[in-house]
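Here is how the chains run, residue by residue.
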Amino acid sequence: MPRAVPISGIKQETPLVRSYTFDYSVGAQPGQFVNVWIPGVNERPMSVAFDDGKKLTLSIAAVGDMTKKLATFKIGDLVGIRGPYGTAFHWKPRQRIVMVAGGYGVAPLYFCAALAIKDGCRVDFITGARSSEHLLFADRVRGLKNVNLHLATNDGSTGHKGFNTEILETLIKDGSKIDLIMTCGPEMMMKKVSDMAWKKKIQCQVSVERYMKCGFSICGNCVVDDLGITTCQSGPVMENSVVRKIKEFGVYHRDAQGLKHFY
């Protein structure tokens, strides 16, 4: 059951994204999600942007009925939260990690980077957006030690003009050893990252998002073809070797009614 938790802080990150802080921890790890419930509106899964054992932060874009309603909330208003659910990103000490984030996928990877550097990892953090005003958490990532930030914008307003996967391609070609690639964001971006990592035989972890409802493999809404696994429990973070067996990945996804929507 969700727990009603008051909002303790709100920060406008981009024109669409707000970060909501709660004086409440669910013990989440980077890549996991919680279900956020607004009574009378809807309940939706949301990636955890940070959880330090005392406070929980969720960075949410106001793009649908439920999230637009949430954008009207103020400090002190109650939100239903349950979780965490799903798998998390993982790494080994002192690895060189390349993180490829797009859009709202920046938040969980920032959470990941903040913990990985404590294990002596070196991180190249690649993030992209359509323009500079939509770059999420750039300043926060820039402030992390042992993290090299690479920016890309479609319109060239900041950093590399083009796609963030083009920066990944350059890093792979420079000949330096990369131990692990992590990616979270739009599916077509992640499909490109998956393809590049597979070709170069680099370990890769991919955050596969589907339409999730229950969070514990009962409703079957987030089952993927052909494996038949639920992404709420077997994912969202999956090894690339598993993702390569999901025939719908980068091709289509299903909506709340199970209908296919092709990319």
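Sequence order as written defines the numbering, with residues in each chain counted from 1. With the structure being a predicted model, the display of local features is reserved for residues of pLDDT at least 70 and the display and counting of side-chain atom pairs for 80 or more, all residues being used for whole-chain, interface and lining totals. Processing note: side-chain calculations cover all non-hydrogen atoms of the structure and skip hydrogens and water entirely.

**Student:** Please provide a residue-by-residue account of the overall build of the protein, values included.
**Tutor:** A count of helices and strands for the protein gives 6 helices and 16 strands. Against the compact-globule benchmark of 18 Å for 263 residues, the protein has a radius of gyration of 18 Å, which places it among compact chains. Its C-alpha atoms give the protein principal-axis dimensions of about 55 × 40 × 35 Å. Across the 263 residues that make up the protein, the buried fraction comes to 51%. Note on contacts: a residue pair is in contact if any heavy atoms of the two residues lie within 4.5 Å. Once local pairs closer than 6 in sequence are excluded, the contacts in the protein between residues at least 24 apart make up 65%. Surface accessibility of the protein: about 12,300 Å² in total, with carbon and sulfur atoms responsible for 51%. Charge counting treats Lys and Arg as positive and Asp and Glu as negative, with His and both chain ends excluded. Here the site of a charge means NZ on Lys, CZ on Arg, CG on Asp, or CD on Glu. In the protein, 34 side chains carry a positive charge and 24 a negative one; their mean positions are 2 Å apart. A run of DSSP states H or I qualifies as a helix once it reaches four residues; a run of E qualifies as a strand once it reaches two. Both are numbered from the N-terminal end. Both definitions apply: the radius of gyration is a C-alpha atom measure, and the globule rule equals 2.2 Å times residues to the power 0.38. Whether a residue is buried, partly exposed or exposed follows from its accessible area with a 1.4 Å probe, protein chains only, as a fraction of its type maximum: under 20%, in between, or over 50%, in that order. Every accessible area reported is derived by Shrake-Rupley at a probe size of 1.4 Å, with residue values counting cover from the shown protein chains alone.

**Student:** Go over the environment of D255, please, and point to the residues and values.
**Tutor:** Among the secondary structure elements, D255 is positioned in the loop between β15 (252-254) and β16 (260-262). Since its relative accessible area comes to 16%, D255 is described here as buried. With 34 residues separating them along the chain, D255 and N221 place their C-alpha atoms 8.6 Å apart. Those residues in contact with D255, other than ones at most four positions away along the chain, are Y211, N221 and H261. Polar contacts here mean pairs of N or O atoms no more than 3.5 Å apart (in protein, one a potential hydrogen donor and the other a potential acceptor; neighbouring residues in sequence count only if both atoms are side-chain atoms). From its side chain, D255 meets the backbone nitrogen of Q257 in a polar contact 2.9 Å long.

**Student:** Outline the environment of S207, supporting the account with residue identities and numerical values.
**Tutor:** As for its position among the elements, S207 is in strand β13 (residues 203-207). Take S207: its relative accessible area is 4%, and that puts it in the buried class. Taking the C-alpha atoms as reference points, S207 and Y104, 103 residues apart in sequence, are found 12 Å from one another. Once residues lying within four places of it in the same chain are set aside, the contact partners of S207 are F89, T183, C184, M190, P236 and V237.

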